[in-house]
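This is what each chain is made of:
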Amino acid sequence: MKICYKANIVTKESVLTDSFVTVENGIITYLGKDCPKDCEIADCTGKYIMPGFIDIHCHASALNMATDNPQEVGEYHLSHGTTSMLLTFYRDVPHEKLLNCLNEVKDLIGKSNVIGAHLEGPILNANFGTGSGNTQELPDKAKYGKYIESGVVKQWTSSPEVDGVAGMIKDISAAGIIPSIGHSKASYAQVKAAFQAGARLTTHIFDATGTTKDESTMDGTQDISFDEACMLMSDMFYEVICDKNWVHVKKEKLALLIKTVGIDRVIAITDSFMSDGNDQSDINVFYSADGKADLSGSKLTMDKVAKNLFNAGYTPVQVSWLTSYNAAKLLKLSDRGEIAVGKKADIVLLDENANFIKVL
C-alpha cells in the first residue's frame, strides 16, 4: 500500500510547506506538491514530517540499562522517535558481561531500531567522567580484539593520553569502527596523534574534559584545552548533549562549536542513563555520601533533544541535521537520515510547536 502524507516536509535543504511525501514498502517514493494517484492520503497539514532521529550515544531507558534489557531500551527510544540507535556500554561493564551484551546487540540488529554498539571505554582517563574509584585500564589487545570480532561495535571512545591508545585506535579504525575520543585532558599533540591514527569523533564535547598545563605557559595566558584541540581537527564530528536548561553544554558553547566547525559536523545525543528519580529535570544528578553532586548523563529522549534545539532557535532544517543527517553521515548510513526519494521511510511527525507525535 502507498501512503501519501501531507505536511510541512523537512528535507536536508528546506522545509516544503503543504507538500506530500509518499511511502511504499518502507521506502520514500515521491516528494513534491502533488499527491500521486492510487495513494491513501494521510492529512497532517500544519505539522512537520522530519527524518527519524538517530542517537549514537544512549545507555538506558528510564527504567533499564542496555546491559540488562537492550530490547526494552530500543523500544522505549523508538517510541520517542529514535528510529536508529547505538546502545552504549560504559567503562564499568566487566569484560565477560560486555561480550554477552554485544551478543545481545547482535540479536537485535535487523529486528529493531538498534543498529550496533558504542563502547564508551574501558580505556578512559580515570579522572574524567561518572564513577568513583575508577582504575586506569590500559589497552589489552587480547581483550579489545574480542570486541572487534563481535562485529557489532560501530563507535568506540578512548582517551588519547592513555599509553597505547594510538595503536588501539589504528586497530579499531582498520576494522571499520569509528574511533572516538573523550573523557580526556589530552594535549593538542596527543589529540593530533589520535586524529592521525584514525579518530573521527569527539565524545560529548565540553563534558568530562580538561586541560593539560604546559610547563611553558605563563600566568595570565591559557593552554589549549582538549575540546579546543578537537575543534582544530579538520575532519572530526562532535557529540553534544542538548538538555533543556543547557546544563551539560551552554547553548552559547553549542553556537560557538557550530560557528567554528560547521553545523554539518555536530551530532546531538541523549547520553541517556536510568532516571535519578527527579521528574522535573531531564538531567541525572546523583549525590555521594558526602553530598557531592555528580552529573551522570541525562533522562533525555531524542524528541526532547529536538524540542530543546527548536527552543534554542534552530530551524527545522538545522534540527534535522543535528538529530539525524549528521549521524547518518558519520556512520555511513546512506539509506537514511534525510527525507528524499529512495531513502528508508524512517520518518517522524511533530506538531506545529515541535512536539513529537509519533513515528510514521
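A few points on the structure. Since we're looking at a predicted model, the values are computed, not measured.

1. Focus on the sheet that holds strand β9 (residues 178-181)
Phase 1: Reading across the sheet, the 8 strands line up as β5-β6-β7-β8-β9-β10-β11-β12 and stay open at both edges, with parallel pairing between neighbours. Strands with a single pairing partner mark the edges of an open sheet, and in this sheet they are β5 (53-58) and β12 (266-269).
Phase 2: Two strands pair when backbone bridges link them, and strand β10 (residues 201-202) and strand β11 (residues 237-241) are joined in this way by 2 bridges, in the parallel orientation. Opposite Leu201, over in β11, you have Phe237 as the bridge partner.

2. Quick word on the nonpolar core
For soluble globular proteins, nonpolar side chains are generally found buried alongside one another.
Phase 1: Ile56, Phe89 and Leu309 are the most contacted members of the largest nonpolar core, which totals 90 residues.
Phase 2: Here the element with the most residues in this core is helix α9 (residues 316-330); it accounts for 8 residues.
Phase 3: Non-local contacts of Ile56, meaning those with residues more than four positions away in its chain, are made with Leu86, Thr88, His118, Gln155, Leu201, Glu239, Ile267, Ile269, Ala327, Leu330 and Leu331.
Phase 4: In this structure, Ala7, Cys44, Ala345 and Leu349 belong to the second largest nonpolar core, which totals 12 residues.

3. Describing the packing of aromatic side chains
Phase 1: Here the structure, examined in full by the defined rule, presents 4 aromatic pairs.
Phase 2: Between the aromatic rings of Tyr147 and Trp156, the centroid separation amounts to 5.9 Å while the plane-to-plane angle is 55°, which identifies the pairing as tilted. One exposure class covers both Tyr147 and Trp156, and it is buried.
Phase 3: Among the aromatic residues, those joined into a ring-pair cluster are Tyr144, Tyr147 and Trp156.
Phase 4: Over the ring of Phe237 we find Arg265; its NZ or CZ atom is 4.3 Å from the centre of that ring.

4. As for α9
Phase 1: Over its 15 residues, α9 runs 20 Å from end to end, which matches the ideal 21 Å to within 8%, given 1.5 Å per residue.
Phase 2: Maximal helix bending in α9 amounts to about 45°, located at Leu322.

5. Describing the layout of surface pockets
Phase 1: The computed volume of the second largest pocket comes to approximately 430 Å³.
Phase 2: Ser281, Asp282, Lys299, Leu300 and Lys304 are the residues nearest the centre of the second largest pocket, which is lined by 24 residues in total.
Phase 3: With 5 residues, helix α8 (residues 302-311) is the single largest residue contributor to the lining of the second largest pocket.
Phase 4: Looking at the lining of the second largest pocket residue by residue, the classes come out as 6 nonpolar, 11 polar and 7 charged.

6. Brief notes about the packing of α8 against α9
Phase 1: At their nearest, the axes of α8 and α9 sit 10 Å apart, and the two run at 140° to each other. One finds that α8 runs oblique with respect to α9. The handedness of the crossing between α8 and α9 is right-handed. For the pair α8 and α9, contact is made by Met302, Val305, Ala306, Leu309 and Phe310 and by Pro316, Val319, Leu322 and Thr323, respectively.

7. A few points about unusual backbone geometry
If a residue is not glycine, its phi is most likely negative; likewise, a peptide bond is most likely trans.
Phase 1: Cis geometry marks the peptide bond from Gly121 to Pro122, where omega comes out at 10°.
Phase 2: With respect to the element layout, Pro122 can be found in the loop between β7 (114-120) and α3 (141-149).
Phase 3: We note that Asp38 has phi near 60°; this positive angle belongs to a residue other than glycine.
Phase 4: Among the secondary structure elements, Asp38 is positioned in the loop between β3 (27-32) and β4 (40-51).
Phase 5: When its relative accessible area of 72% is taken as the criterion, Asp38 is described as exposed.

Rules and cut-offs
Residues numbered from 1 in each chain as written. Predicted model: local features only at pLDDT ≥ 70, side-chain atom pairs only at ≥ 80, totals over all residues. Heavy atoms only, no water. Pairing = 2+ DSSP bridges. Helix = DSSP H or I, 4+ residues; strand = E, 2+ residues; numbered from the N terminus. Core = buried A, V, L, I, M, F, W, Y, C linked by side-chain atoms within 4.5 Å. Buried < 20%, exposed > 50% of the residue type's maximum accessible area, 1.4 Å probe, protein only. Contact = heavy atoms within 4.5 Å. Phe/Tyr/Trp six-rings, centres within 6.5 Å; stacked < 30°, edge-to-face > 60°. Lys NZ or Arg CZ within 6 Å of the ring centre and 35° of its normal. Expected span 1.5 Å × (residues − 1). Bend = angle between axes of the 7 residues up to and from the residue. 1 Å grid on protein atoms, 1.4 Å probe; cavity = no way out; pocket = protein on both sides within 12 Å on 5 of 7 lines; lining within 4 Å. Points joined across faces, edges and corners; volume = space filled by probe spheres on them. Nonpolar A, V, L, I, M, F, W, Y, C, P; charged D, E, K, R; others polar. Axes fitted to C-alpha atoms, helices over the stretch in contact; angles between N-to-C directions. Parallel < 35°, antiparallel > 145°, perpendicular 65-115°, else oblique. Left-handed = near helix turned anticlockwise from the far one by under 90°.

Interpretation note: all reported values are geometric properties and have no functional meaning in isolation.
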